[in-house]
Amino acid sequence: MSDIKAFDNDVDIAWCPGCGNFPILGAVKQALAGLDLLPHQVLICTGIGQAPKLPHYMQVNTFNGLHGREVAVAVAAKLAAPDLTVLVHAGDGGAYAEGGNHFLHAIRRNIDITLVVHDNHYFALTKAQASPTTSQGVVTRFNPEGVAAMPLNPLALAISQSCAFVGQATSARPDHLADLLMKAIAHKGFSFINVLQPCVSWDHVRTYEYYRERCYEPGSDYDASDRLKAMELVTRAEERYPVGVIYTQQRPEYSDQTTSHVTLPLRRREVNPDAAVSLFSRFQ
Amino acid sequence: MEVNIRIAGAAGQGIQTAAGLLGKALTRSNLFAYAYTDAESRIRGGLNFTHIRCSREPLAGVTNRIDILVALSKEALSAFEELMTEKSLVVAPQSWPHPHRVPAAIGKLAEQAGSEAVSGTVSIATAWKILGQAPGILETLIREHFASKKNVLAQNLKALNLVFDSSQQIPGAAYFHLPAASSTGTGRMWISGHEAVSLGAVAGGVTFVTGYPMSPATSILINMAQWHRQLEVIVEQAEDEIAAINMVAGASYAGARAMTATSGGGFSLMVEGLSLLGMIEYPAVIVLAQRPGPATGLPTRTAQGDLNFVRHAGHGSFPRVIIAPGNISECFDMTALAFDIAEQYQVPVFVMTDQLLQDSQTTMAPFAVGHLPKRRHIMSPEALTSLTGYRRYARTESGVSPLAAPGDSRHVVVVDSDEHDEAGHITESARIADEMAQKRLQKGKTLMEASWKNRLVGPVDGRPLVVGWGSSLETLKEAVSRLNAEGLKVAHFHLSWLWPVQEQMIRQPVQAASRLIVVDHSVDGGLGAYLREVALRAPDAVISRRDGRPFSVDELYGKLRAEVIE
């Protein structure tokens, strides 16, 4: 266990008072310290939105890039520097709308990064447009007749593609989230956690209280390695939310398969023009 | 003395394999060759060709005249009548009548060798015989090429022997004999533009390659994938071009020398990522292999239409470098240098090629590497450890901040696509926003120090000046030298460093010309617009193409002559 205070910084926080991101920020620090990591050993990649501001508010290597592209950045950074522990924090807009393609392919690759989606069912920073997880019928200024499209089920999507680690947590239970984060980060492969997060400014239904009442842990007999049971769990038509490890399996990790021949990390590699000369004979 | 061989047929008939064997055989015989490729966007059928110029002297421009036509399909047999001369010979099966067809029994020999599939080898061997060459070098190459397929190798060797055992003389062949130079090996290579770019990337220290397939850039990604084990390079196939450019950013942030290769359509998808690279100030090498647009355009053909797109791509203002190799040798050198420039100044560097340059092949001495930079521009862990704090965007006189990689010290590296302060954290401060914009502007000015002088063959004063850029170099050189041999006194300015420029360096020769003639393989003569802006002079004439086919020496000679005499 490292000193959790090492992850503190003094950057002014631009989130709304009481924002569901605060407990996530605390849980991330708690999990990293719990795993005995130091700030310079961790990289957090994010895009644009409220959730993606998270790494600015702690002492950590930070790549705050474009909206929806955070997973692509993280995949490459992890390939190039496998000694870094790489996390991605994205909102439901960035992860499931703009970045949907990268999400699919990260599941396929199974590279050892952890994706944490702050799912508050809105594009909150741009004043509450519908996101892919907004419920049908919800009226927004962009959807004056109510959202017509069905909400995405990110957990079912991930499980259907045999994502190596699928978890769910809620901002309303930060200690549980910290514990799940530790498991996800320790899991070798692509780990995905959907965090159910209240939006104190735009959503007056799904409050902290709402999630505390409706989130539940499947019983001790729940087998998270059973894909069909996991699928059944996350597709039940009920207003209750399973939290914890929903599905997990061991799959070959991507770097192990693709870069075992490479001297890493790439930042230490020298420039050697003679390497080109070694290929000339192919053309002679 | 030069001989022009065109191998033509349908896609899937092995034209490029045959041309590769012939080009390499010529190279190993201490002769010189240059080949360019014309192919349709299909896997089977249609009409494709590779055109090979061979000589005892180095040559490299595009020509169309056909001395020897190797026709692998009936369509190929009749497609090029206007490019043949009285002396031209045609290598084709006897059942396809043609007045210039040589009497060699292509089909019959292939049948005797055991398979119709070896008629390509029979044809190449016949062309080799017309050039007056002994079979030895070609035989060695066939052995190397088919080494893993014993049965196929045996049939091909039999085909070669049947051609050379035949005592039948080929009428008219003596005219095309190219006496081989001394038989001692020179170690010259037979190499394409995309291979030279790839080797250049290796010499420049590339460690991370990513991209999404798109002609004509894909070959670079394939080369790197084929070599990745030996070179210890990470080659990642991205799910789309947006992922590719963001992966370049992520790898570069982590300290890799990262590149991608794409064409116009793919680059269009990368543009937001380009702006990101500009904002967070990370090195990247982007090979833009151009083809005609708009949209899908002509996927397998050539153009130079993206110069101003690349110059202006991306929202916001940020420095970038644009270089354009003119020939295969420059493909190697300039790509290697691109990596050093990118890392030293923490900017995206574009290497602009096109289908013609990518797919052309030539005989070439092994590239020199002694002069190429070997330094990295990342702070060492030792230097970082001695710092009390690290600020990624520390302001400096040059606008370039010291670059640290994450994980190399106890300092964290913070970057943000939002406007940020010196530490890399998001900011709304008006003062800091202004300072950071100025910093990036200053870096653009500093970057001009890295520019090299563009190739000027003059003097210009009072003479017509031909200005070209990129892949037209060799064809244009040859056309201009023919004009000068006639006493027409034409100067030639060829741009390979296009951005950022010290405007005076471009303006001076352009303004001094009696007549400004722009040669640009694009629909709207983009180089002309560039010169209007940079050199404050509109072209007097623009020679362009809109059909995706390369300029030829004859064509440029004729069009330039008309412009100069006027």
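Predicted model only: the values in this text are computed from it and were never measured.

Cut-offs applied
- Residues numbered from 1 in each chain as written.
- Chains lettered and ligands numbered in written order.
- Predicted model: local features only at pLDDT ≥ 70, side-chain atom pairs only at ≥ 80, totals over all residues.
- Helix = DSSP H or I, 4+ residues; strand = E, 2+ residues; numbered from the N terminus.
- Buried ≥ 20, exposed ≤ 12 C-beta atoms within 10 Å, placed from the backbone.
- Contact = placed C-beta atoms within 7 Å.
- Nonpolar A, V, L, I, M, F, W, Y, C, P; charged D, E, K, R; others polar.
- Pairing = 2+ DSSP bridges.
- Expected span 1.5 Å × (residues − 1).
- Arc of directions from axis to C-beta.
- Domains from an automatic or database assignment.
- Axes fitted to C-alpha atoms, helices over the stretch in contact; angles between N-to-C directions.
- Parallel < 35°, antiparallel > 145°, perpendicular 65-115°, else oblique.
- Left-handed = near helix turned anticlockwise from the far one by under 90°.

**Points about the overall build of chain A**
Summing up its helical and strand segments, chain A has 10 helices and 11 strands in all. Overall size of chain A, expressed as C-alpha extent along the three principal axes, is 70 × 45 × 40 Å. Within chain A, the proportion of its 284 residues that are buried is 53%. A separation threshold of at least 6 residues defines the contact pool for chain A, and within that pool the share at least 24 residues apart is 71%.

**What about the interface of chain B and chain A?**
Taken together, the contact between chain B and chain A spans 60 residues of the former and 50 residues of the latter. When contributions to the side of chain B that touches chain A are tallied by element, the ones reaching two or more residues are strand E6 (189-192), helix H7 (193-203), strand E7 (208-211), helix H8 (218-231), strand E8 (234-237), helix H9 (241-253), helix H10 (264-280) and strand E14 (414-416) of chain B. Each residue belonging to the side of chain B that touches chain A can be placed in one class, and the counts come to 32 nonpolar, 14 polar and 14 charged. As paired strands, strand E2 (residues 61-64) of chain A and E14 of chain B are joined by 3 bridges and run parallel to one another. Its bridge partner lying in E14 of chain B, Asn64 of chain A is registered against Asp416 of chain B.

**Notes on helix H6 (residues 174-186) of chain A**
All names here are of chain A. Taking 1.5 Å of rise per residue, 13 residues should cover 18 Å, and H6 covers 18 Å from first to last C-alpha, within 8% of that figure. Those residues of H6 lying buried are Leu177, Ala178, Leu180, Leu181, Ala184 and Ile185. One face of H6 carries all of its buried residues, which in axial projection span an arc of 165°. Along its buried surface, H6 packs onto helix H1 (21-34), strand E3 (85-91), strand E4 (114-119), strand E7 (165-170), strand E8 (191-196) and strand E11 (244-248).

**Section: the domain arrangement of chain B**
Residue and element names in this part refer to chain B. Domains assigned within chain B are domain 1 (2-180), domain 2 (191-364), domain 3 (381-446) and domain 4 (455-564). Domain 1 and domain 4 are separated by 36 Å when their C-alpha centres are compared. Listed by partner, the interface residues are 6 residues for domain 1 and 8 residues for domain 4. Residues belonging to the side of domain 1 that touches domain 4 are distributed by class as follows: 3 nonpolar, 3 polar and no charged.

**Concerning the pairing of strand E2 (residues 32-38) of chain B**
Residues and elements named next belong to chain B. The buried fraction of E2 is high, at 7 of 7 residues. Side chains Phe32, Tyr34, Tyr36 and Asp38 of E2 all project onto a buried face; the interleaved residues Ala33, Ala35 and Thr37 project onto the opposite face, where all are buried too. Direction of pairing for E2 relative to strand E3 (residues 45-55): antiparallel, over a ladder of 7 bridges. The partner of Asp38 across the bridge, within E3, is Phe49. Where E2 lies against strand E13 (residues 361-364), 2 bridges are found, and the strand directions are antiparallel. Counted as the bridge partner of Ala35 is Gln361 from E13.

**Thoughts on the environment of Ala324 of chain B**
Residue and element names in this part refer to chain B. Positionally, Ala324 belongs in the loop between strand E11 (321-323) and helix H12 (328-345). A tally of 30 C-beta atoms within 10 Å means that Ala324 is categorised as buried. Look past the residues within four positions of Ala324 in its chain and what remains in contact with it is Met352, Trp469, Gly470, Leu495, Ser496 and Leu498.

**Quick look at the sheet that holds E7 of chain B**
Residue and element names in this part refer to chain B. Strand order in the open sheet formed by 7 strands is E8-E7-E9-E10-E12-E11-E18, and the pairing between neighbours is mixed. Every other strand in the sheet has two partners, leaving E8 and strand E18 (497-499) as the edge strands with one partner each. When the angles between neighbouring strand axes are averaged without regard to direction, this sheet yields 20°. Of the strand pairs in this sheet, E7 and E8 are connected by 4 bridges, and their pairing is parallel. Its bridge partner lying in E8, Phe208 is registered against Ile234. Packing of H9 onto the sheet brings it into contact with E7, E8, strand E9 (258-262) and strand E10 (284-290), and relative to E9 it is tilted by some 165°. Along the sheet, H12 makes contact with E10, E11 and strand E12 (348-354), crossing E12 at roughly 165°.

**Let's talk about the packing of helix H2 (residues 70-80) of chain A against helix H4 (residues 100-109) of chain A**
Pairs of packed helices are described in terms of their axes, by the angle between the two and the distance that separates them. Residue and element names in this part refer to chain A. The geometry of H2 relative to H4 is characterised by a closest axis approach of 9 Å and an angle of 30° between their N-to-C directions. For the element pair H2 / H4, the angle class is roughly parallel. The element H2 and its partner H4 pack so that their crossing is left-handed. Along its contact with H2, which presents Val71, Ala72 and Val75, the element H4 presents His102, Phe103, Ala106 and Arg109. For the contact of H2 with H4, the residue count by class is 5 nonpolar, 1 polar and 1 charged.

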